[in-house]
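Descriptive analysis of the structure
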Amino acid sequence: MSIVSPWKQDFPVFNADAYPNLCYLDSAATCLTPKRVADAMYNYQCYSHANSHKGLYYLSANVTEKVEYARTRIAEFLGASSLNEIVFTSGTTESLNLVAYSYIETKITSKSNIIISAAEHHANLLPWQRLCQQYGASLRVAPLNDHGIIDFSQLVTLIDSDTLLIAISQSANVIGKFNPIKQICQYARQNNIITVIDGAQAVSHGNINVDDLECDFYAFSGHKLYGPTGCGVLYCRMGLIEQMRPYQVGGGIIDNVSYQSSHYLTGPLKFESGSHNVVSIIGLLAALDYLNDISWQAINAYLERLSGYMQKRLAELNFIHPIVRSGDSAPYLYSFQMNKVHCHDVASMLDIEGIAVRAGHHCAQPLHKTLGINASVRVSLGLYNDHTDIDRLITGLTNTYQLLKIE
Amino acid sequence: MTTQPSKISNDALQLYQEVLLKHHKTPTGFEVEINNTHSADGVNAACGDEIVVYAQVEAGTITALGFSGDSCAICRASASIMCSYLTNVEVDQVEAIIEHTISIINSTHTDELICAEVLQPLLAVGKFPVRRQCAILPWRTFVKAVLES
């Protein structure tokens, strides 16, 4: 079967003078960078850079305009109703911590409970775990079904009148399948429960509409979307920002300060203290433009087809086992174990052949313990992958098993 | 479609040498039962290696040594080598031996190194920086079990 990426040439890492033979299967960790994104960042830094939101001169005003334009475009991308619902952060981790300490901490009591799922990345576990420990609240864990998807009916049984928050991923980083987020958020809203959605993995599928999902918060990182690291986003539903306090304070977020008191700005700027990471915001905007120009329909059609091929070829290997049951969907990642071969050896053997995969617990130790394993190998797809990458993976896995299997 | 194994690269065979693979597949000291006087857990959080090293120390000498756990081939082989190498060694001598072994694992200039034959399979690991921590884990865990207890 021939599935050839029309976009691989957009990524300079595959150039002859870089890594022409790289088989990169770790896009769930971070996506490679298209030249268009790198160029936009280079051009901004060389020719347009200044401090945003502070300078009273043309260069700075121009940068402020770029940042606010990016905010508008990201609001559109997420289906948010206003740019005032969009906060720039350093990434998903900061976005989730921001919600924890700017908002949830002001509401939590020893009677409260917070619900997460069994599949959460540590970034969407530790902030809630710490808050619960600090305030004597309880952290409840919604189980997954055999396919690794949050079981809505089981989750509902965890909810009571003291449930303060449901914090779950739209698509978990080890499993990759989509959870019934809309159903959960609608139920939560009917019961006055706050919802936080970790969109770090789902964002690379596009087609997000936070209004339709009815979530209160949605977090993602730019580098999972072919942008740079260091730039993330937190969507806060209209009206919530005014109830939140800045958890990190400093320059640029106040309208009046005395030695004894301060009055903070309204809107998202009150969470963006210090200087904006403008070059990363420019990179994220360029990535959005790049993806929009390709079209999400074309991206998803291609990756679904390639994923289908990947799942089919991996299913042919009787010495590897997916960590959850495969289903009808074709997520853009696949996590597995190899019979009696440690995950680190699998990744190491593949690396020697120029194939980059992730091995370990993928910042989801509790999930692995729940599944009765210590670690797994994860392969994940991006725009630059094609059928030859899958074929190389299959050969690499076969060789690994041949060399390292214990009879 | 059945995929047949293709030729395994020399780089892979350099790391997973025959002797090292023998230690991995038939390890010395793996899950052996001894009257251990010392034990400790070791974890390599980045990749998921988990090992328990246990030792029997009598009159200042390591009389028996074993390990258990779920760890990669490099870690298992290194633990197996350790079990062979440290048995019947006096505790007073162990610290220097382990420091020397770790320096061998960390070295990229293996041609210049002189080391005991039993340690030879570990020489290749130095050329694979991300695997050094796997090879070192059993030795560090032994230190934790016996020298720091």
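Residues numbered from 1 in each chain as written. Chains lettered and ligands numbered in written order. Predicted model: local features only at pLDDT ≥ 70, side-chain atom pairs only at ≥ 80, totals over all residues. Heavy atoms only, no water.

Further remarks concern the sheet that holds strand β2 (residues 86–89) of chain A. Residues and elements named next belong to chain A. Pairing is mixed in the open sheet, where seven strands are placed in the order β2-β8-β7-β6-β5-β3-β4. Sheet topology places β2 and β4 (138–142) at the edges, where each strand pairs with a single neighbour. Averaged over all pairs of adjacent strands, the angle between their axes in this sheet comes to 20°, without regard to strand direction. With four bridges connecting them, β2 and strand β8 (residues 232–236) associate as antiparallel partners. (Pairing = 2+ DSSP bridges. Helix = DSSP H or I, 4+ residues; strand = E, 2+ residues; numbered from the N terminus. Axes fitted to C-alpha atoms, helices over the stretch in contact; angles between N-to-C directions.)

Moving on: the interface of chain A and chain B. With 24 residues of chain A at the contact, the number on the chain B side is 33 residues. A buried area of about 2,300 Å², summed over both sides, lies between chain A and chain B, and 56% of it is on carbon and sulfur atoms. Together, H342, H344 and L403 of chain A form the three largest contributors to the area buried by chain A at its contact with chain B, with a combined 25%. Between chain A and chain B we count two salt bridges in total. Its salt-bridge partner being D345 of chain A, residue R131 of chain B comes within 2.8 Å of it at the nearest N-O pair. Summed over the shared surface of chain A and chain B, the number is twelve residue pairs in polar contact (both at pLDDT 80 or more). Within the residue set of the side of chain A that touches chain B, elements represented by two or more residues are α10 (343–352), β14 (358–360) and α12 (387–404) of chain A. Ranked by residue count, the leading element in the side of chain A that touches chain B is α12 of chain A, at seven residues. Broken down by class, the residue content of the side of chain A that touches chain B amounts to eight nonpolar, ten polar and six charged. (Contact = heavy atoms within 4.5 Å. Buried area = accessible area lost by both parts, 1.4 Å probe. Salt bridge = Lys/Arg side-chain N within 4 Å of Asp/Glu carboxyl O. Polar contact = N/O pair within 3.5 Å; in protein donor to acceptor, adjacent residues only side chain to side chain. Nonpolar A, V, L, I, M, F, W, Y, C, P; charged D, E, K, R; others polar.)

Further remarks concern the domain arrangement of chain A. Residues and elements named next belong to chain A. Each assigned domain of chain A is listed here: domain 1 (8–32 + 295–404) and domain 2 (38–291). Averaged C-alpha coordinates put domain 1 and domain 2 at centres separated by 28 Å. The interface of domain 1 with domain 2 comprises 34 residues on the first partner and 30 residues on the second. Taken over both partners, the interface formed by domain 1 and domain 2 buries close to 2,600 Å², and the fraction arising from carbon and sulfur atoms is 58%. Area buried by domain 1 at its contact with domain 2 is led by W296, R325 and L367, which between them contribute 25% of it. Between domain 1 and domain 2 we count one salt bridge in total. D146 is paired through a salt bridge with R325; the nearest N and O atoms lie 3.6 Å apart. At the junction of domain 1 with domain 2, the criterion picks out 19 residue pairs in polar contact (both at pLDDT 80 or more). (Domains from an automatic or database assignment.)

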